[in-house]
Amino acid sequence: MGKMRKEAISIIVGSDGPTSVFVAGKTGKQSVKMRIKNAIYRRKQKKAKKRIHPGSHTLEEVLEYAKEHYDITEISTTQRRYEEQKKCWKDGVIWKYKPELLGELRDIEHPDTSDKKAMDAFLEKVRQRSKVVEEIPDCEIAMDFHIYEIKYQGGIIEIAVDYHWEMFDISYRGNKKRMKTLGKIAQELYLYYGVTQEDIERRTVRYSKLLLSLSV
């Protein structure tokens with residue numbers, strides 16, 4: 001946090017977990033460039049919605065599909081990256097399914113991002129909640145968490161899965177030339193995972209993630 005530029009902070013709340021990452025302009029107002037980007041995204045999202053139709057597979061089937069088409073490996077549970085991500089997912093599971101374990105930190109009100117004191121108090125509560133989550137024994141939160149990687153031509157696609165809670169997330173990183181290709185693979189896997197008619201009607205997390213992937 002100390003290395004962040006001197007800008008206001010806006011909050012992004014995950015659809016299936018607690019507050020996650022934040023970045024914004026100094027005044028909180030969007031620049032012309034950002035407004036244009038948002039307009040382009042909305043157009044892409046409108047097109048993406050037309051591509052979504054009922055049809056789904058299980059997480060196990062998605063991983064089998066990925067293994068058949070790509071060179072996929074599972075990272076070790078002893079890696080620091082695995083431990084850190086599992087902690088974040090545990091936080092999300094508790095926030096969504098067992099919020100009573102968080103006590104008074106169950107709901108943290110989002111502050112005015114231009115109010116530094118309010119933001120400091122908010123971030124302190126987030127840290128406190130993270131500590132509470134860390135101290136909750138794993139035996140109280142059943143998880144079957146795994147991270148898989150696809151190394152593909154100058155980039156890496158990361159697939160995080162929890163089979164117990166039916167949670168699925170894909171991220172990717174690589175050089176600029178490969179990002180479009182990596183994004184297409186992520187779209188392919190999200191489409192194969194798919195959605196049900198109920199997901200579409202209720203605009204569930206599963207639907208939202210698919211829509212986001214197709215809108216990039």
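Everything below is about the structure printed above this text.
Position numbers for residues start from 1 in each chain and track the written sequence from start to end. Side-chain atom pairs in this predicted model are given and counted only at pLDDT of 80 or more, local residue features only at pLDDT of at least 70, and totals for whole chains, interfaces and linings cover all residues. With hydrogens and water set aside, each side-chain value is computed from the structure's full complement of heavy atoms.

### Things to note about the nonpolar core
The nonpolar core is taken to be a set of buried Ala, Val, Leu, Ile, Met, Phe, Trp, Tyr and Cys residues, with the residues joined through side-chain atoms within 4.5 Å. Think of it in three bands: residues with accessible area under 20% of the maximum for their type are buried, residues over 50% are exposed, and the middle band is partly exposed, with areas taken using a 1.4 Å probe on protein chains only. Membership of the largest hydrophobic core comes to 29 residues, with the highest contact counts inside it found for Ile52, Ile159, Val161, Phe168, Ile170 and Leu189. By the convention used here, residues are in contact when the closest approach between their heavy atoms is within 4.5 Å. Setting aside residues no more than four positions away along its own chain, Ile159 makes contact with Ile72, His146, Ile147, Tyr148, Ile150, Phe168, Asp169, Ile170 and Leu189.

### Here's the deal with the pattern of salt bridges
What counts as a salt bridge is simple: a side-chain nitrogen of Lys or Arg found within 4 Å of a carboxyl oxygen of Asp or Glu. Under the counting rule described, the total for this entry stands at nine salt bridges. Of the charged contacts, one joins Glu158 and Arg81 as a salt bridge, the two residues approaching to 2.4 Å between their closest N and O atoms. Here the residue Glu158 occupies a position in strand β4 (residues 155-162), and Arg81 occupies one in helix α3 (residues 80-97), the gap between them amounting to 77 residues. Accessibility expressed as a relative area gives 6% for Glu158, which makes it buried. Residue Lys87 is joined to Glu134 by a salt bridge in which the shortest nitrogen-to-oxygen separation is 3.2 Å. A residue pair is termed long-range when its members are at least 10 positions apart, and Lys87 in helix α3 and Glu134 in helix α4 (residues 116-135) qualify at 47 residues. Residue classification places Lys87 among the partly exposed residues on the basis of a relative accessible area of 33%. Among the charged side chains, a salt-bridge network with shared partners connects Arg81, Glu149 and Glu158. To qualify as a helix, a DSSP run of H or I must reach at least 4 residues; to qualify as a strand, a run of E must reach at least 2; elements of each kind are numbered from the N terminus.

### Structural notes on the pairing of strand β5 (residues 167-174)
Here is the key point about a regular strand: its side chains alternate between the two faces of the sheet. When β4 meets β5, the two strands line up antiparallel, connected through eight bridges. Its bridge partner being in β5, Glu158 is matched across the sheet by Ser171. Strand pairing follows a simple DSSP-based rule, namely that at least 2 bridges must link the two strands. What sits between the antiparallel neighbours β4 and β5 is a turn of four residues, in which Glu166 has the positive phi angle 55°.

### Here's the deal with the packing of helix α5 (residues 179-193) against helix α7 (residues 205-215)
In the contact formed by α5 and α7, the axes pass within 9 Å of each other and the chain directions differ by 150°. Between α5 and α7, the crossing angle belongs to the class labelled roughly antiparallel. The hand of the α5/α7 crossing is left-handed. Every residue of α7 that contacts α5 at Ala186, Gln187, Tyr190, Leu191 and Tyr193 is listed here: Arg206, Lys209, Leu210, Ser213 and Leu214. Charged residues are taken to be Asp, Glu, Lys and Arg, nonpolar residues to be Ala, Val, Leu, Ile, Met, Phe, Trp, Tyr, Cys and Pro, and polar residues to be all remaining types, Gly included. Partitioning the contact of α5 with α7 into residue classes produces six nonpolar, two polar and two charged. Only the stretch in contact is used when a helix axis is fitted, and all axes are lines through C-alpha atoms; the angle between N-to-C directions ranges over 0 to 180 degrees. Each angle receives one of four descriptions, namely roughly parallel if under 35 degrees, roughly antiparallel if over 145, roughly perpendicular if within 65 to 115, and oblique otherwise. Helix crossings fall into two classes, left-handed where the near helix is turned counterclockwise from the far one by less than a right angle and right-handed where it is turned clockwise.

### What to know about the pairing of β4
Among the eight residues of β4, eight are classified as buried, and the element is accordingly described as predominantly covered. Because side chains alternate across β4, one face comprises the buried residues Gly155, Ile157, Ile159 and Val161, and the other comprises Ile156, Glu158, Ala160 and Asp162, equally buried. The pairing of strand β3 (residues 145-151) with β4 spans seven bridges and is antiparallel. The residue bridging His146 from the neighbouring strand is Val161, located in β4. Counting the residues that bridge the hairpin from β3 to β4 gives three residues, and of these Gln153 lies at a positive phi of roughly 45°.

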